[in-house]
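Fold and geometry: a report
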Amino acid sequence: MEVESFEDEEVAKLLNDSFVSIKVDREERPDVDKVYMSFVQALYGGGGWPLSVFLSPDLKPLMGGTYFPPNDNYGRPGFKTLLKKVKDAWDSKRDTLVKSGTYAIEELSKALSANAGADKLSDEISRTAVSICAKQFSRSYDSEFGGFGSAPKFPRPVEIQLMLYHSKKLKESGKTSEADENQSMILFSLQGMANGGMHDHIGGGFHRYSVDECWHVPHFEKMLYDQGQLANIYLDGLIITKDVMYSYVARDILDYMRRDMIAPEGGIFSAEDADSFEFEGAKGKKEGAFYIWTSDEIDEVLGENADLFKEHYYVKKSGNCDLSSRSDPHNEFAGRNVLIERNELSAMASKFSISTEKYQEILGECRRKLFDVRLKRPKPHLDDKIIVSWNGLVISSFARASKILKAEPESTKYYFPVVNSQPEDYLEVAEKAALFIRENLYDEQSRRLQHSYRQGPSKAPAFLDDYAFLISGLLDLYENGGAVTWLKWAIELQETQDELYLDREGGAYFNTQGQDPSVLLRVKEDHDGAEPSGNSVSAINLVRLASIVAGDKAESYLNTAQRLLAVFELRLRELAVAVPLMCCAADMISVPSRKQVVLVGSKSSAELNNMLSAAHSVYDPNKTVIHIDPSSSEEMEFWEEHNSNVAEMAKNRNSEKVVALVCQHFTCSPPVFDSSALTRLLSK
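Rules used in this analysis
- Residues numbered from 1 in each chain as written.
- Predicted model: local features only at pLDDT ≥ 70, side-chain atom pairs only at ≥ 80, totals over all residues.
- Heavy atoms only, no water.
- Salt bridge = Lys/Arg side-chain N within 4 Å of Asp/Glu carboxyl O.
- Helix = DSSP H or I, 4+ residues; strand = E, 2+ residues; numbered from the N terminus.
- Buried < 20%, exposed > 50% of the residue type's maximum accessible area, 1.4 Å probe, protein only.
- Disulfide = S-S within 2.5 Å.
- Contact = heavy atoms within 4.5 Å.
- Axes fitted to C-alpha atoms, helices over the stretch in contact; angles between N-to-C directions.
- Parallel < 35°, antiparallel > 145°, perpendicular 65-115°, else oblique.

Our focus in this paragraph is the pattern of salt bridges. Under the definition given, this model contains 53 salt bridges. The partner of Glu640 in a salt bridge is Lys651, and the shortest N-O contact between them spans 2.6 Å. Here Glu640, found in helix α24 (residues 633-642), pairs with Lys651, found in helix α25 (residues 644-651); they are eleven residues apart in sequence, far enough to count as distant. Owing to a relative accessible area of 45%, Lys651 belongs among the partly exposed residues under this scheme.

Next comes the structure, spelled out in structure tokens:
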């Protein structure tokens with residue numbers, strides 16, 4: 001629409017003569033987007049972007065829709081026709097339009113701000129939500145290519161989180177074969193995504209989604225929220241399988257972000273566009289131009305290794321977007337190739353009569369050469385906004401990687417675009433991003449966040465997702481060896497979140513502070529989509545915080561989480577697939593006692609680091625890791641105030657060695673003194 005309509009002189013005249021045109025960046029103002037998207041979805045049963053909505057002068061929505069061609073076409077009215085009809089309706093039926101817009105907003109306001117019917121979720125839903133959701137996903141599983149549902153295929157990480165969580169529960173209840181079957185769906189899907197063209201094999205990271213069912217041809221946009229969540233999912237894959245394929249993909253994503261997406265001061269940028277110019281001086285941008293290759297280009301760059309590379313990545317002279325009728329319906333990529341891996345490494349190495357290791361070396365060197373050539377092309381536009389919520393998701397993945405990647409065998413080799421970083425380097429990235437937000441987007445006096453930063457903080461206040469996702473990231477930062485300062489800040493932010501967004505009467509969190517009269521709806525969001533909902537993440541944050549602190553504060557966190565979940569009981573019961581992460585939260589709160597791993601020892605000791613890695617080497621979402629250095633007065637004071645049980649454990653340490661205790665309700669197993677013993681204990 002940008003090219004077809006908004007750059008068209010005739011459309012511009014119609015707009016300028018009769019309308020006030022306002023362009024909304026939905027990443028900058030998700031609250032405004034939510035109001036009008038909800039209206040269009042309620043009116044027409046579906047929504048999406050680009051979104052065009054016509055408002056009255058007092059901002060009530062009158063009519064709207066998603067994509068409109070410039071002229072009548074595809075059985076749809078053209079945008080020019082629509083503009084004329086809206087103008088005529090406004091002139092002749094103004095009162096009717098305004099009344100219907102007002103009524104729509106009133107009804108949406110009731111529907112989108114539900115209240116809890118009880119103080120807690122029913123026990124039945126708490127116990128069954130995860131299995132109900134998993135069964136619904138299983139029915140839509142694509143056994144040929146992996147993933148759930150048909151094209152277009154989105155890498156919705158919350159689906160994978162739910163299925164892994166369900167597998168863990170099945171194993172714990174002795175249903176091993178069912179657990180393995182469930183887990184194999186996820187691992188096959190993760191493999192398919194990593195092999196597909198949705199994965200940028202040359203530069204690392206993942207594109208937004210696949211237009212076909214086989215993960216091949218993507219919409220080439222790269223979003224930060226995908227990178228953070230997908231890195232975490234592949235890290236989980238490593239913990240569960242011990243297969244370095246998963247750590248390779250996690251590193252590939254993290255190294256892409258480190259190279260291309262991080263500001264010098266530490267904040268992490270939002271996105272890279274799908275479109276770019278094919279060459280300097282080209283008239284218009286094209287989707288994927290930066291990422292696709294002709295067979296001749298590969299021959300020219302790779303020389304003697306071109307044939308090996310082309311066979312590995314299914315490169316053809318005629319172009320390779322032919323695996324599905326959906327891959328390239330308009331023949332835009334004729335003669336072009338989107339790299340995809342379709343054969344086993346070992347089989348291909350055998351075919352070329354070389355070792356697997358040598359084969360991987362050749363591929364890595366080929367990718368490096370193509371990367372260098374690609375750098376000379378016009379790059380896609382970088383959206384250099386730094387959004388707090390998305391940074392929270394990425395802080396989590398960098399922090400977790402710093403400990404989980406220590407489980408890789410010492411002999412592991414990596415090939416371009418992966419940089420063979422020390423895992424600890426990733427913790428530094430997480431800390432720098434958190435520090436950037438604290439110094440640039442947080443007011444220490446008011447204890448409030450701003451939403452985003454670009455050449456200075458934005459005017460938009462933070463939204464629920466900013467608090468919830470950042471708190472989650474800070475908890476991961478602390479649990480993976482970060483300073484207790486990050487845990488303090490998480491607790492502080494939770495207090496502010498409760499003050500600004502919590503519906504103390506009806507339960508759950510609103511998405512906005514409700515102080516801007518121009519934003520007509522205050523919504524309690526529950527949908528776990530490409531990003532999880534702020535309420536789902538908040539419910540899990542509260543459960544985690546309740547297992548860290550003690551006494552009334554812990555009780556208060558749990559009560560808030562219980563009330564939150566009760567608000568969405570109907571949704572959990574009737575449409576669990578819409579709220580997979582909330583299903584996990586519902587189960588977490590029903591687990592009789594969450595595991596606490598308490599590590600006591602000097603912060604500077606290598607053994608504490610090893611113990612932290614061991615604590616994170618076993619997949620268990622119902623586990624909290626606490627570490628305390630008895631020689632640190634700051635840490636001892638924090639735990640004396642928030643949980644004297646932890647402070648007592650530090651005081652009672654009888655040895656200079658690092659001590660690990662595995663506890664439930666702070667009733668603990670006998671202490672262990674080395675990381676392998678801790679791994680064995682956690683694996684039971």
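Per the stated rule, a full pass over the model turns up one disulfide. Between the sulfur atoms of Cys663 and its disulfide mate Cys668 the distance is 2.1 Å. Since a negative S-S torsion denotes a left-handed disulfide, the Cys663-Cys668 link at about 95 degrees is right-handed. Cys668 gets classed as partly exposed once you look at its relative accessible area, which sits at 30%. Here Cys583 is not cross-linked by a disulfide; its sulfur's nearest cysteine counterpart is in Cys133, at 4.3 Å.

Right, let's get into the environment of Val32. Note on placement: Val32 falls in helix α3 (residues 30-44). Taking the C-alpha atoms as reference points, Val32 and Gly101, 69 residues apart in sequence, are found 16 Å from one another. Excluding residues within four positions of it along the chain, Val32 makes contact with Val24 and Val519.

As a further point, take the packing of α24 against α25. Look at α24 against α25: their axes get within 6 Å of each other, and the N-to-C directions meet at 135 degrees. For the element pair α24 / α25, the angle class is oblique. Judged by residue contacts, Met636, Trp639, Glu640 and His642 of α24 engage Ser644, Val646, Ala647, Ala650 and Lys651 from α25.

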